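Per-entry structural report
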Amino acid sequence: MENKRRIAILGATGSIGQQALDVVARNREMFEVELLTANENVEQLAKDAIAFDANAAVICNPQKYGELASALEGTDVKAFAGIDSVVQLVAGDNIDIVLTAMVGFSGMLPTTAAVKAGKTIALANKETLVAGGAFIMDLVKKYDARILPVDSEHSAIFQCLMGAAGNSIRKIHLTGSGGPFRTWAREDIAKATAAQALKHPNWTMGAKITIDSSTLMNKGFEMIEASWLFCMEPKDIEVVIHPESVIHSMIEYDDGAVLAQMASPDMRQPIQFALCFPMRPDLNSKKLNFSQLGKMTFEAPDLEKFPCLALAYEAARRGGNIACAMNAANEVAVAAFLAGQIGFYDIPALIEKAMDTVPFVKTPVLEDLLATHEQIMAQTKERIK
Ligand code: NDP
Ligand code: MG
């Protein structure tokens, strides 16, 4: 049997992190859990670190260090605090795979560190690739790291590509459910509340990505993520709304053949495929029943109702640090929308403003990305006030 895969799960207490731990629990003979991290949730972090016999646990909020240290007292798990500890520990020789499942731009520094250490990255934290795609992919090449996608659409594309036999593809059809407001009129969407946006029809996910799904910003992020992961021009990545969420994306070869990957919507499938790659152990997910399903439907996205998707294509076209600015403004706007401080269409308005005013940097390195992020976060907060 091969050696156990030694894994770090960043954002272990979140939706992806917890489902990843379920995958690990179902395949204990395959994995050694080395590192778990969280931002605030000491209780869950300590509980899982002990249950999975982790080597170390990091709570990113340094004020919670005392709480974590006492929760882990008398166990073999070492307690750490702060993002600097995550950055240091992910690069350790005791880690093979780093699952990036923290939310937002907080993934930038740890992902950079893991890539520089030549790790295999199971990438859920798409915001890092959206904000700094060119920078990260250059590092991946330079340090001989490897990225395996966790996002269901990218996992689907990756799974379809396994049969490519050296052939190139001309198109990616990126599917999305359309979110909770797909059938709503624009004037009703304008009055939508956070509670309504949080009711995703097919997936249960963390709050930020659920709002991103309701604005279709998530689909825009995924288009950019796909362009970096699969070296495709944004114009060759077409978003198609598929409300049943059975096809998780498709690729189209030059001869017109289209390959789709299907599964019932259960994030543990793509998570497990990334962690166990190329193996496919048994998973107790719901089986697809095609006669019960009856039909699958498709439609074009409505860019009038969902301007965030158009903004993402524009950011991809303009390049440089524009997508970094888009991501930062979105992060602030979504938090404000969740807090009931702004309306639904203030989100794209704030993003557009940020993209139009950010000083352009053609080839951003880490310092430029951090500076753009900070600057746009501050400006967008100011605009909301
Ligand atoms: P959740 O909000 O459920 O979990 C986020 C995790 O990150 C938690 O462990 C949280 O810790 C931690 N975290 C939050 N803020 C910070 C911070 N500033 N610094 C360090 N850690 C932080 O998110 P999801 O699991 O839904 O999503 C995680 C990532 O995966 C996102 O990038 C998302 O886009 C991507 N993704 C998610 C999918 C899903 O189905 N959920 C599908 C595809 C991609 P704590 O619990 O302590 O707050
Ligand atoms: Mg997705």
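Going by the structure above, here's the rest.
I will try to describe carefully the structure that is included in this document.

What counts and how
- Residues numbered from 1 in each chain as written.
- Chains lettered and ligands numbered in written order.
- Predicted model: local features only at pLDDT ≥ 70, side-chain atom pairs only at ≥ 80, totals over all residues.
- Heavy atoms only, no water.
- Pairing = 2+ DSSP bridges.
- Helix = DSSP H or I, 4+ residues; strand = E, 2+ residues; numbered from the N terminus.
- Axes fitted to C-alpha atoms, helices over the stretch in contact; angles between N-to-C directions.
- Salt bridge = Lys/Arg side-chain N within 4 Å of Asp/Glu carboxyl O.
- Buried < 20%, exposed > 50% of the residue type's maximum accessible area, 1.4 Å probe, protein only.
- Near = heavy atom within 4 Å.
- Polar contact = N/O pair within 3.5 Å; in protein donor to acceptor, adjacent residues only side chain to side chain.
- Nonpolar A, V, L, I, M, F, W, Y, C, P; charged D, E, K, R; others polar.
- Contact = heavy atoms within 4.5 Å.
- Patch = residues over 30% accessible without salt bridge, like charges linked within 9 Å, V, L, I, M, F, W, Y side chains within 5 Å.
- Areas by Shrake-Rupley, 256 points an atom, 1.4 Å probe, with all protein chains shown as cover.
- Phe/Tyr/Trp six-rings, centres within 6.5 Å; stacked < 30°, edge-to-face > 60°.

Pairing within the open sheet is parallel, and its seven strands lie in the order β4-β3-β2-β1-β5-β6-β7. Looking at which strands have only one partner, the edges of the open sheet turn out to be β4 (78-81) and β7 (146-149). Between one strand and the next, the sheet's axes are offset by a mean angle of 20°, whatever the strand orientation. One ladder, built from four bridges, connects strand β2 (residues 31-38) with strand β3 (residues 56-59); its direction is parallel.

A few words now on the pattern of salt bridges. What the rule picks out here adds up to 18 salt bridges. A salt bridge links Asp22 to Arg268; its shortest N-O distance comes to 2.8 Å. Taken together, the residues Asp22 in helix α1 (residues 15-26) and Arg268 in helix α12 (residues 268-276) connect sequence positions 246 residues apart. Given a relative accessible area of 11%, Arg268 falls into the buried group. A salt bridge links Lys64 to Glu40; its shortest N-O distance comes to 3.8 Å.

Moving on, we get to the site of ligand 1. Near ligand 1 lie 24 residues; those nearest to it are Thr13, Ser15, Glu40, Asn41 and Glu127. Within the backbone of Met102, one N or O atom sits 3.5 Å away from an oxygen atom of ligand 1. Of all the elements in the fold, those that place two or more residues in the shell around ligand 1 are α1 and α6 (126-142). Grouping the constituent residues of the shell around ligand 1 by class yields 11 nonpolar, nine polar and four charged.

The peptide bond linking Phe277 to Pro278 adopts the cis configuration, its omega dihedral lying at 0°. You can see Pro278 is positioned in the loop between α12 and α13 (290-293). Phi at Cys231 is positive, roughly 50°, even though this residue is not glycine. A residue is classified by how much of its surface remains accessible, and Cys231, at 70% relative accessible area, is exposed. Unusually for a residue other than glycine, Ser245 sits at a positive phi of about 50°. Secondary-structure assignment places Ser245 in the loop between β9 (237-241) and β10 (247-253).

Okay, helix α5 (residues 108-116) next. Most of α5 is tucked away, with seven of its nine residues classed as buried. Of the positions making up α5, those classed as buried are Met108, Pro110, Thr111, Thr112, Ala113, Ala114 and Val115. Structurally, α5 contributes buried residues whose contacts are with β1 (5-10), α4 (83-90), β5 (97-100), β6 (120-123), α6 and α17 (366-384). Immediately beyond the C-terminal end of α5, within one or two residues, lies Gly118, with a positive phi of roughly 70°.

What follows is about the environment of Leu129. Mapping Leu129 onto the fold places it in helix α6. Expressed as a C-alpha distance, the spacing of Leu129 and Ala38, which sit 91 residues apart in the sequence, is 20 Å. Setting aside residues up to four positions removed in sequence, Leu129 forms contacts with Leu123, Ile136, Met137, Glu225, Trp228 and Leu229.

Here the focus is a nonpolar patch on the surface. A cluster of nonpolar residues, Met262, Leu288 and Phe290, forms a patch on the protein surface that exposes about 250 Å² of accessible area. Here Leu288 is to be found in the loop between α12 and α13.

Moving on to the packing of aromatic side chains. One pass over the full model with this rule turns up seven aromatic pairs. Ring centres of Phe158 and Phe277 lie 5.2 Å apart, and the angle between their planes is 40°; this geometry places the pair in the tilted category. Within this pair, whereas Phe158 is found in helix α7 (residues 152-161), its partner Phe277 is found in the loop between α12 and α13, the two being separated by 119 residues in sequence. Just as Phe158 is buried, Phe277 falls in that class too. Note on Phe344 and Tyr345: the rings are 5.4 Å apart at their centroids and 90° apart in plane angle, and the pair reads as edge-to-face. Of the two residues, Phe344 and Tyr345, neither departs from the other in class, the shared state being buried.

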